[in-house]
Amino acid sequence: MSRRRTLGTQKKIALLVGAAAVAGGGAFLAANASNAAQTTQEARTKAAQDSGVCQGLATALGNNQRFIEGQRANPDAQSQARIENREAVVAEIERKQAASGCAVGESAQDPQAGQDTGGQAGDQAGDQAGDQAGGAAQAGEQVCAGSTVTLSGEGGAPAASSNQFPVGTKLKVTNLDNGKSTTVEVNSVSGSCALLNNAAFEQVREEGKFLIRRALIEKVG
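In this text the structure is predicted, and so the values were computed from the model without any measurement. (Residues numbered from 1 in each chain as written. Predicted model: local features only at pLDDT ≥ 70, side-chain atom pairs only at ≥ 80, totals over all residues. Heavy atoms only, no water.)

1. Details of the overall build of the protein
Note the following rule: Numbering of helices and strands runs from the N terminus, with a helix taken as a DSSP run of H or I at least four residues long and a strand as a DSSP run of E at least two residues long. When a residue's accessible area, from a 1.4 Å probe over protein chains only, is under 20% of the maximum for its type it is buried; when over 50% it is exposed; and in between it is partly exposed. Should any heavy atoms of two residues lie within 4.5 Å, those residues are considered in contact. Using the Shrake-Rupley algorithm and a 1.4 Å probe, accessible areas are obtained, with residue cover drawn only from the displayed protein chains.
A tally of helices and strands in the protein yields four helices and eight strands. Traced from its N-terminal end to its C-terminal end, the protein shows the element sequence α-α-α-β-β-β-β-β-β-α-β-β. Classification of the 221 residues of the protein by burial places 39% in the buried group. Counting contacts in the protein only where the partners sit at least 6 residues apart, residues at least 24 apart contribute 75% of the total. Per element, the accessible surface of the protein, about 12000 Å² overall, is 53% carbon and sulfur.

Written out as structure tokens, the structure reads:
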């Protein structure tokens, strides 16, 4: 009986040791997977920072936030519509910050951007440097890939505002969801690659929608 009890005890010890080894191996694999995911995220964040993506998104976010603040400080009949449109742009920028591994909500304002408040056009951007990514594009070239397009709530003939192109630049904006397009001239500064006024947006919009998520933006002149 003593021998059987001894063997039984030895088997139990062996089983416990084996189970501990399996558990330890699982914990090791889980730790490695977690470390790999963290390393991948850190690499993605560094790549975004090195390419200037995070800074560009932070600048766009800051410019839109400043525009909203200006509308609230000096409201007019169109201010609420403009604020709602810019809030949709802010949400989209923050989504892109998260997807790019940038700090969500990080904001920086472009000191060269005009005081685009109260529905009035900001300082003219004709003297803006053209060395930004979009401004250096050649005529007929697609620009601002992945950018969404919304409206400013401003009246007048079809036109656009931009944070990347100087006044006088002509942009062709195509809504890929319905195939409609419009060619407009940049006449002021905003916090977006291409922000259309009411008349221009009506030419390409989908009924009931205030944001074009799939847009093709081309510099045509």
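Let's pick the thread back up.
2. Observations regarding the confidence of the model for the protein
Let me state the cut-off plainly: Looking at any residue, its pLDDT shows the predictor's confidence there, from 0 to 100.
Overall, the predicted model of the protein reaches an average pLDDT of 73, with 62% of residues at or above 70. Per-element confidence in the protein is highest for strand β4 (residues 170-175), whose mean pLDDT is 96, and lowest for helix α1 (residues 2-50), whose mean pLDDT is 58. Note on residues 112-137: pLDDT is under 50 here. Beyond four places in sequence and across chains, it has 57 contacts.

3. Focus: the nonpolar core
We apply this condition: The set of buried Ala, Val, Leu, Ile, Met, Phe, Trp, Tyr and Cys residues whose side-chain atoms join them within 4.5 Å is what this entry labels a nonpolar core.
If you look at the biggest cluster of nonpolar residues, it comprises 19 residues, and the most contacted ones within it are C144, V149, F165, L196, I212 and I217. Contributions of two or more residues to this core are made by β4, β5 (181-189), α4 (198-202) and β8 (215-219). Contacts of C144, omitting those with residues within four sequence positions, involve Q164, F165, C193 and I217. Of all hydrophobic cores here, the second largest spans 10 residues; its members include C54, L61, I83 and V90.

4. A closer look at the packing of helix α2 (residues 53-73) against helix α3 (residues 79-100)
Helix packing for two helices is described by the angle between their axes and how far apart those axes are. Note the cut-off: The convention used is that axes are lines fitted to C-alpha atoms, helices contributing only their stretch in contact, and that angles between N-to-C directions extend from 0 to 180 degrees. Here the angle decides the label: under 35 degrees means roughly parallel, over 145 means roughly antiparallel, 65 to 115 means roughly perpendicular, and every other value means oblique. Note: crossing handedness is left-handed where the near helix turns anticlockwise from the far helix by less than a right angle, and right-handed where it turns clockwise. When residues are sorted by character, Ala, Val, Leu, Ile, Met, Phe, Trp, Tyr, Cys and Pro go into the nonpolar class, Asp, Glu, Lys and Arg into the charged class, and all the rest, Gly among them, into the polar class.
One way to put it is that α2 packs onto α3 with a least axis distance of 9 Å and a crossing angle of 160°. In terms of orientation, α2 lies roughly antiparallel with respect to α3. The way α2 lies across α3 gives a crossing that is left-handed. Of the residues in α3, those touching α2 at V53, L57, A58, A60, L61, N64, F67, I68, Q71 and R72 are S79, R82, I83, R86, E87, V89, V90, I93, E94, K96, Q97 and S100. Each residue belonging to the contact of α2 with α3 can be placed in one class, and the counts come to 11 nonpolar, five polar and six charged.

5. Some points on the pattern of salt bridges
Here is the rule: For this analysis, a salt bridge means a side-chain nitrogen from Lys or Arg found within 4 Å of a carboxyl oxygen belonging to Asp or Glu.
All chains considered together, the criterion is met by four salt bridges. In this structure, the salt-bridge partner of R214 is D177, at a minimum N-O distance of 2.8 Å. Separated by 37 residues along the polypeptide, R214 in the loop between β7 (211-212) and β8 and D177 in the loop between β4 and β5 bring together distant segments of the chain. According to the relative accessible area criterion, R214 is partly exposed, its value standing at 45%. Here D177 falls in the partly exposed class, since its relative accessible area comes to 38%. The salt bridge partner of E202 is R205, with a shortest N-O separation of 2.6 Å. Classification of E202 as partly exposed rests on a relative accessible area of 47%.

6. Focus: the state of the cysteines
Heads up, the rule is: Cysteine sulfur atoms are paired as a disulfide whenever they fall within 2.5 Å.
In this structure the tally under the stated criterion is two disulfides. Disulfide pairing is shown between C54 and C102; the S-S distance is 2.1 Å. With the S-S bond torsion at -85°, the cross-link from C54 to C102 turns out left-handed. With C54 in helix α2 and C102 in the loop between α3 and β1 (141-143), this pair connects stretches of sequence that are 48 residues apart. Given the relative accessible area of 7%, C54 is considered buried. Residue classification places C102 among the buried residues on the basis of a relative accessible area of 8%. Between the sulfur atoms of C144 and its disulfide partner C193 the distance amounts to 2.0 Å.

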